[in-house]
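# Results of the structural survey
One letter stands for each residue in the lines below.
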Amino acid sequence: MKRPSSIVILTGAGISAESGVDTFRDAGGIWSKVDYRDVATPQGFARNPRLVHDFYNQRRRGMAGVAPNAAHVALARLEHAFSGAFLLVTQNIDDLHERAGSSRLIHMHGEIGQALCSNCGNRLHWPGDMDVDTLCPACHSMGTLRPDVVWFGEMPYHLGRIERALEACDLFVSIGTSGSVYPAAGFVEEARRHGAHTVELNLEPSDGFSLFAEAEHGKATEIVPAFVERLLAGE
């Protein structure tokens, strides 16, 4: 692999699993216990907003007990040491990348620690609980706050910026993703179409692993730091 000048990295639930954050699609994951239609769709929120708030309140509280792992730290190190263009795109709604030190970062599925007001459109830092009776601090409406996360049937955030980065990068790395959730699952094909070298780092082969030029499988806390070391050594 030649030395890259521009890197795009995509991360999914697998990178946070070793920190203790529940995955969604794995055996025993969140969607094996909870029907996503009840807690992760606009229709579910309209039917029973209290249930949806309870679900996300529990997840938000749970983030206090987890910390970034070696894979998060390695990616933050890569960002700060790499001299070229760099963009980290995460499907995760946790803040472990930020806590590890990453800053050139996009949350394409939103953030668990933010609220979105459906009345005024404001996005607000929101580390605590919210409920149907919570007032929006910006417009003072009641019952209009929701978690600022992308639900099924909604458009992911920042797709234009992500597409431009994929067109310009010469290295695309996918870490801890299932390869089954679009549009993120299509990023490898977009990057390949524009000539990028593509790498999968995952616990096991993803649904789309055959699309990658290079693949390594194992624990994120082991293979991601090792990959970063090799990449920086070639700088």
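What comes next is a walk through the structure. Keep in mind that this is a model prediction, so the values were computed, not measured.

Strand order across the open sheet formed by three strands is 5-4-6, with antiparallel pairing between neighbours. Looking at which strands have only one partner, the edges of the open sheet turn out to be strand 5 (123–125) and strand 6 (145–149). On average, adjacent strands in this sheet sit at an angle of 45° to one another, irrespective of strand direction. When strand 4 (residues 110–117) meets strand 6, the two strands line up antiparallel, connected through five bridges. In the strand pairing of strand 6, L116 is matched with R146. Relative to the sheet, helix 4 (residues 49–62) contacts strand 4 and strand 6, its axis offset from that of strand 6 by approximately 55°.

In terms of burial, strand 4 is largely enclosed, as six of its eight residues are buried. Of the pairings in the sheet, the one linking strand 4 to strand 5 comprises three bridges and is antiparallel in character. Bridging across to strand 5, L116 finds its partner in R123. Hairpin connection between strand 4 and strand 5: a loop of five residues separates the two successive antiparallel strands, and G121 in this loop has a positive phi of roughly 80°.

So, on to the nonpolar core. Ranked by internal contacts, the top residues of the largest apolar core, which has 23 residues, are I9, L75, L78, V173, I175, L201 and V224. Among the secondary structure elements, those contributing two or more residues to this core are strand 1 (6–11), helix 5 (70–81), strand 2 (85–90), strand 7 (171–175), strand 8 (197–202) and helix 9 (220–233). The leading source of residues in this core is helix 9, at seven residues. Sequence-distant contacts of V224, defined by excluding residues within four places in its chain, comprise A71, A74, L75, I175 and L201. One finds V8, A165, F187 and A191 within the second-largest nonpolar core, a separate group that totals 17 residues.

Where empty space is left can be seen by rolling a probe of water-molecule size over the atoms. One number sums up the size of the second largest pocket: a volume of about 320 Å³. Surrounding the second largest pocket, 15 residues form its lining, D22, I30, F55, Q58 and R59 being those nearest its centre. With six residues, the top contributor of residues to the lining of the second largest pocket is helix 4. Looking at the lining of the second largest pocket residue by residue, the classes come out as eight nonpolar, three polar and four charged.

Moving on, we come to the packing of aromatic side chains. Counting across every chain of the model gives five aromatic pairs. Ring centres of Y36 and F152 lie 4.3 Å apart, and the angle between their planes is 45°; this geometry places the pair in the tilted category. Taken together, the residues Y36 in helix 2 (residues 36–39) and F152 in the loop between strand 6 and helix 7 (159–168) connect sequence positions 116 residues apart. A residue is classified by how much of its surface remains accessible, and Y36, at 33% relative accessible area, is partly exposed. Judged by its relative accessible area of 33%, F152 is partly exposed. Ring geometry for Y56 against W151: centres 6.4 Å apart, planes inclined by 40°, an arrangement best described as tilted. Here the residue Y56 occupies a position in helix 4, and W151 occupies one in the loop between strand 6 and helix 7, the gap between them amounting to 95 residues. An aromatic cluster is present here, built from F45, F55, Y56 and W151 joined pairwise through their rings. Above the face of the Y157 ring, R123 is positioned so that its terminal group lies 4.8 Å from the ring centre. Seen from the ring of W151, R146 lies directly overhead, with NZ or CZ sitting 3.7 Å from the centre.

Looking now at the sheet that holds strand 9 (residues 214–217). Taken in spatial order, the six strands line up as 3-2-1-7-8-9 in an open sheet, and their pairing is parallel. Across the chains shown, the open sheet's two edge strands, defined by having one partner strand only, are strand 3 (105–107) and strand 9. Direction aside, the axes of adjacent strands within the sheet are offset by 15° on average. Where strand 8 meets strand 9, four bridges bridge the pair, whose relative direction is parallel.

Rules and cut-offs
- Residues numbered from 1 in each chain as written.
- Predicted model: local features only at pLDDT ≥ 70, side-chain atom pairs only at ≥ 80, totals over all residues.
- Heavy atoms only, no water.
- Pairing = 2+ DSSP bridges.
- Helix = DSSP H or I, 4+ residues; strand = E, 2+ residues; numbered from the N terminus.
- Axes fitted to C-alpha atoms, helices over the stretch in contact; angles between N-to-C directions.
- Contact = heavy atoms within 4.5 Å.
- Buried < 20%, exposed > 50% of the residue type's maximum accessible area, 1.4 Å probe, protein only.
- Core = buried A, V, L, I, M, F, W, Y, C linked by side-chain atoms within 4.5 Å.
- 1 Å grid on protein atoms, 1.4 Å probe; cavity = no way out; pocket = protein on both sides within 12 Å on 5 of 7 lines; lining within 4 Å.
- Points joined across faces, edges and corners; volume = space filled by probe spheres on them.
- Nonpolar A, V, L, I, M, F, W, Y, C, P; charged D, E, K, R; others polar.
- Phe/Tyr/Trp six-rings, centres within 6.5 Å; stacked < 30°, edge-to-face > 60°.
- Lys NZ or Arg CZ within 6 Å of the ring centre and 35° of its normal.

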